[in-house]
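# Results of the structural survey
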Amino acid sequence: MTKIAIVTGGSRGLGRNAAENLAARGIDVVLTYKSNQDEAEKVVKSIVAKGRKAKAMALDVSKSKSFSGFAEDLQKVLKDHWGKDRFDFLINNAGIGTWALLKDTSEEQFDELVNIHFKGPYFLTQKLLPLINDNGGIVNVSTGLARFALPGYSAYASMKGAMEVLTRYMAKELGPRGIRVNIVAPGAIETDFSGGAVRDNAEMNKHIASQTALGRTGLPDDIGPLIAIMCLDETRWVNAQRIEASGGMFL
Ligand SMILES: NC(=O)c1ccc[n+]([C@@H]2O[C@H](COP(=O)([O-])OP(=O)(O)OC[C@H]3O[C@@H](n4cnc5c(N)ncnc54)[C@H](OP(=O)(O)O)[C@@H]3O)[C@@H](O)[C@H]2O)c1
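In this report, the structure presented in the accompanying data block is examined. Everything numeric in this text was worked out from a predicted model, so none of it was measured. (Residues numbered from 1 in each chain as written. Predicted model: local features only at pLDDT ≥ 70, side-chain atom pairs only at ≥ 80, totals over all residues. Heavy atoms only, no water.)

The next thing to look at is the pattern of salt bridges. Going through the model one piece at a time under the given rule, you end up with 17 salt bridges. Between Arg242 and Glu164 there is a salt bridge, with its nearest N and O atoms 2.7 Å apart. One end of the pair, Arg242, is in strand E7 (residues 242–245); the other, Glu164, is in helix H5 (residues 154–174), and 78 residues separate them in sequence. Relative accessible area serves as the criterion here: at 28%, Arg242 is assigned to the partly exposed category. Each member of the salt-bridge network shares a partner with another, and the members are Arg12, Asp192, Arg199 and Asp200. (Salt bridge = Lys/Arg side-chain N within 4 Å of Asp/Glu carboxyl O. Helix = DSSP H or I, 4+ residues; strand = E, 2+ residues; numbered from the N terminus. Buried < 20%, exposed > 50% of the residue type's maximum accessible area, 1.4 Å probe, protein only.)

In structure tokens form, the structure reads like this:
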């Protein structure tokens, strides 16, 4: 039976790579975007060209009041395109990077990070829970910065730390339905994240590579397949785990 995954922030970067890797492993995808519809439709096209079904939907994860409407629209999409009422996997991936030292972080920056990286996934998951099939799964996305500390990421990394705790609580409460919940923690990856700094700032890239056991920065293809395999039956006994994929950063 066809399984369906919802990937938030699937228009670019890690979410896009995860969506394509889920599809490559036989899982259909509903991917969301915030404003980049064109990029999202390109991902849909590339998945459809490879023989799987995909749909793109707009969703701003910082706007929790919109989640009821999103859930209703999602039910319609599932019915119209799959003839189903439910989906199987939720990938809470969407996010932004904000760099600011503790002494300079504004309340607005802090609130935006809470809303996108913690409150959003919390209430989106709550709202979508009735639509997730029993024995499905959730993959959250953290960061290496929740294990090691670099100046400027106090607020961002704290939200991800909260997601790591929430992952264990989700796993505990959803276990009776057979839903397993894990969190993937990428190291520094070359995407548009934080203005594309890891990819485009040669000095930063070199520094991170020098602090990584495998001697380079990460690429989206180092993360997407990992997120995808966390939805396969082969990993069914992995639950409530933080899985870091950083090439061995700051050991
Ligand atoms: N790249 C890294 O070094 C790194 C390392 C560790 C963890 N992460 C985490 O990995 C996740 C993905 O990051 P990425 O590197 O793939 O970033 P990215 O390339 O900048 O892509 C961000 C994605 O999130 C979407 N998005 C941004 N704000 C949103 C909002 N308010 N509501 C809904 N969607 C929103 C974007 O949609 P649009 O295209 O419509 O703008 C896009 O699809 C994030 O949670 C990030 O914290 C990244």
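Let's shift gears to the site of the ligand. Residues in contact with the ligand amount to 31 residues; listed here are only the nearest, Ser11, Ser35, Asn93, Tyr156 and Thr191. Note that an oxygen atom of the ligand is positioned 2.6 Å from one of the side-chain N or O atoms of Ser11. One of the side-chain N or O atoms of Thr191 is found 2.6 Å from an oxygen atom in the ligand. Across the complex, the protein chains shield 96% of the 910 Å² of accessible surface that the ligand would expose by itself. Put simply, the parts of the chain that give the shell around the ligand at least two residues each are helix H1 (13–24), helix H4 (107–128) and H5. (Near = heavy atom within 4 Å. Polar contact = N/O pair within 3.5 Å; in protein donor to acceptor, adjacent residues only side chain to side chain. Areas by Shrake-Rupley, 256 points an atom, 1.4 Å probe, with all protein chains shown as cover.)

Residues separated by three or four positions in an α-helix point in the same direction, a consequence of the helix having 3.6 residues per turn. With twelve residues, H1 extends 17 Å between its outermost C-alpha atoms, agreeing within 8% with the 16 Å of an ideal straight helix rising 1.5 Å per residue. All of the buried residues along H1 are Leu14, Gly15, Asn17, Ala18, Ala19, Asn21, Leu22 and Ala23. The inward-facing, buried residues of H1 abut strand E1 (3–7), strand E2 (27–33), helix H2 (37–49), strand E4 (87–92), strand E6 (180–186) and helix H8 (224–229). One or two positions beyond H1, positive phi appears at Gly26, with a value near 90 degrees. (Expected span 1.5 Å × (residues − 1). Contact = heavy atoms within 4.5 Å.)

The geometry of helix H6 (residues 193–200) relative to helix H7 (residues 202–210) is characterised by a closest axis approach of 6 Å and an angle of 65 degrees between their N-to-C directions. By the angle between their axes, H6 is roughly perpendicular relative to H7. Residues Ala197, Val198, Arg199 and Asp200 of H6 form the contact with H7, whose participating residues are Ala202, Met204, Asn205 and Ile208. Grouping the constituent residues of the contact of H6 with H7 by class yields five nonpolar, one polar and two charged. (Axes fitted to C-alpha atoms, helices over the stretch in contact; angles between N-to-C directions. Parallel < 35°, antiparallel > 145°, perpendicular 65-115°, else oblique. Nonpolar A, V, L, I, M, F, W, Y, C, P; charged D, E, K, R; others polar.)

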